[in-house]
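# Fold and contact review
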Amino acid sequence: PAVPKEHSEWNHFLSEGFEVKKRAEVLGLITKDTFCFAVAGTHGKTTTSSILGHILFQSGVDVTSFLGGIVENYNSNIIGDGKTVTVVEADEFDRSFLHLHPNLACITSMDADHLDIYGDASAIEASFVEFSNKVPSESLFIANGLPLNGNTIGINEEATFSAQNIRIENGFYVFDVKTTDEVIENVKFALPGHHNLSNALIAFAMAKSYGISNENIIAALASFKGVRRRFSFQTRTEKAVYIDDYAHHPTEINAVHQAVRELYPNKKIIAAFQPHLFSRTKDFVDGFAESLSQFDQVLLLEIYPARELPVEGVNSAWLLSKISNKNKKLITKEDLLQEFKNSDANVYVTIGAGDIGEMVSEIKKIVDEKA
């Protein structure tokens, strides 16, 4: 769906009579005759499926995981080459997750997104409900509070699987997992933010229900290094920190902010954000403004269009006008390096799903000099 209709290779295959299928359809064909773990949700799919794939692979399961990001442990978006078990991201974009044949499934979140496809929030919710019906409720794992029937996952709250007694030790989360019949103590996980704790807990619950031992799950969680561009530490010293994140929805920006503030409560945090898609900016402009206003300083780049044509009146100047934090500025990509160089902040954050990710190595050099 993201390939432009005038794309020369696309048109070559069509004119030559090739059968062209969506990625999700192909994944559906590949996974049809396997035991399939499907990870759905507006946010958290890539991290959750990567953690789950890592747990299964490290536990000796004959698994292949098809992931939407590069997992640091493997430097790849594929884990394993198994024939009998698969882990896939169940992507709600274009309703593509309805092509899958899951045996165990989870839904991490059901926030409105992709309204260019769905029209409104109730349509996207209906699509998630349809996906959830692909498995019986005992095989479904859901974040607490979602309007579905399944095993619930919660942080410091009553749930089928709950993370409790949470503390930070040497940069790791350490917590206990309370289930309906046991408490598993001192589970360690390195990725910051409560959203990542929830992702780890969902992967824990799915692996455990499949039959993986507590010991194997705990060992794998402790060794998981994360996914590239998902709260990815580039520089991490006493003097300066640089974090890069793929966040492109207000909920995800809030999650990045929560994680940064929890780790660096008394530090000045500067965030540079590149909005992704005109339609998404238009649909969630107030949410973006609110989430970005929480940082100490905001640098805003122009919207990355991806597959879209411009929409009149929808631009970063409009978004900037809605940000309540006075310490804000509209900049070009060329300005970004100089702004970071001149800043007296302690923590530098780049956010967005566009080509801001291609600037990470240059930005890292600048922050490294401060460090």
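Reference entry: report on the structure contained in this document. (Residues numbered from 1 in each chain as written. Predicted model: local features only at pLDDT ≥ 70, side-chain atom pairs only at ≥ 80, totals over all residues. Heavy atoms only, no water.)

### What to know about the packing of aromatic side chains
In total, this model carries 12 aromatic pairs according to the counting rule given. Ring centres 5.1 Å apart and planes at 85° place the aromatic pair Phe-13 and Phe-18 in the edge-to-face group. Members of the aromatic cluster, each reached through a chain of ring pairs, are Phe-35, Phe-37 and Tyr-210. Sitting above the plane of the Phe-172 ring, Lys-188 keeps its charged end 4.5 Å from the centroid. The aromatic ring of Tyr-246 is capped on one face by Arg-230, whose charged end is 4.1 Å from the ring centroid. (Phe/Tyr/Trp six-rings, centres within 6.5 Å; stacked < 30°, edge-to-face > 60°. Lys NZ or Arg CZ within 6 Å of the ring centre and 35° of its normal.)

### Notes on unusual backbone geometry
Outside of glycine, negative phi angles account for most residues, and trans bonds account for most peptide bonds. Of note in this structure, Asn-75 is not a glycine but carries a positive phi near 50°. Relative to the helices and strands, Asn-75 resides in the loop between strand S2 (63-71) and strand S3 (76-79). On the basis of relative accessibility, which here comes to 53%, the residue Asn-75 falls in the exposed class. With phi around 65°, Arg-229 is a residue other than glycine that occupies positive phi space. When you line up the elements, Arg-229 lands in the loop between helix H7 (214-223) and strand S11 (232-236). The buried category is assigned to Arg-229, whose relative accessible area is 13%. (Helix = DSSP H or I, 4+ residues; strand = E, 2+ residues; numbered from the N terminus. Buried < 20%, exposed > 50% of the residue type's maximum accessible area, 1.4 Å probe, protein only.)

### Describing the sheet that holds strand S13 (residues 269-273)
Strands belonging to one sheet form pairs held by backbone hydrogen bonds; the direction of such a pair is parallel or antiparallel. Strand order in this open sheet of 6 strands is S11-S12-S16-S13-S14-S15, and the pairing throughout is mixed. The open sheet is flanked by S11 and strand S15 (328-330), the only strands paired with a single partner. Within the sheet, the average angular offset between the axes of one strand and its neighbour, ignoring direction, is 15°. Direction of pairing for strand S14 (residues 297-300) relative to S15: parallel, over a ladder of 3 bridges. Paired with Leu-299 across the bridge in S15 is Lys-329. Across the sheet, helix H8 (residues 250-263) touches S11, strand S12 (241-245), S13 and strand S16 (347-351), and the angle it forms with S16 is around 165°. (Pairing = 2+ DSSP bridges. Axes fitted to C-alpha atoms, helices over the stretch in contact; angles between N-to-C directions. Contact = heavy atoms within 4.5 Å.)

### A word on the sheet that holds strand S4 (residues 85-90)
Across the sheet, which stays open at both edges, the 10 strands sit in the order S3-S2-S4-S1-S5-S6-S7-S8-S9-S10 with mixed pairing between neighbours. Because the sheet does not close on itself, it has two edges, and the strands there are S3 and strand S10 (183-189). Here the strands of the sheet are splayed against their neighbours by 20° on average, with no regard to which way each runs. Pairing of strand S7 (residues 151-155) with strand S8 (residues 161-169) involves 3 bridges; the strand directions are parallel. Directly across from Gly-154, in S8, lies its bridge partner Ser-162. The sheet strands contacting helix H6 (residues 194-210) are strand S1 (35-40), S4, strand S5 (104-107), strand S6 (140-143), S7, S8, strand S9 (172-178) and S10, and the helix crosses S7 at an angle near 145°. Against the sheet, H7 contacts S9 and S10, and its axis sits at roughly 25° relative to S10.

### A few points about helix H2 (residues 23-31)
Among all positions of H2, only Ala-24, Leu-27, Gly-28 and Thr-31 are buried. End-on view of H2: buried residues confined to an arc of 105°, all on one side of the axis. Lining the buried residues of H2 we find S1, S2 and S4. (Arc of directions from axis to C-beta.)

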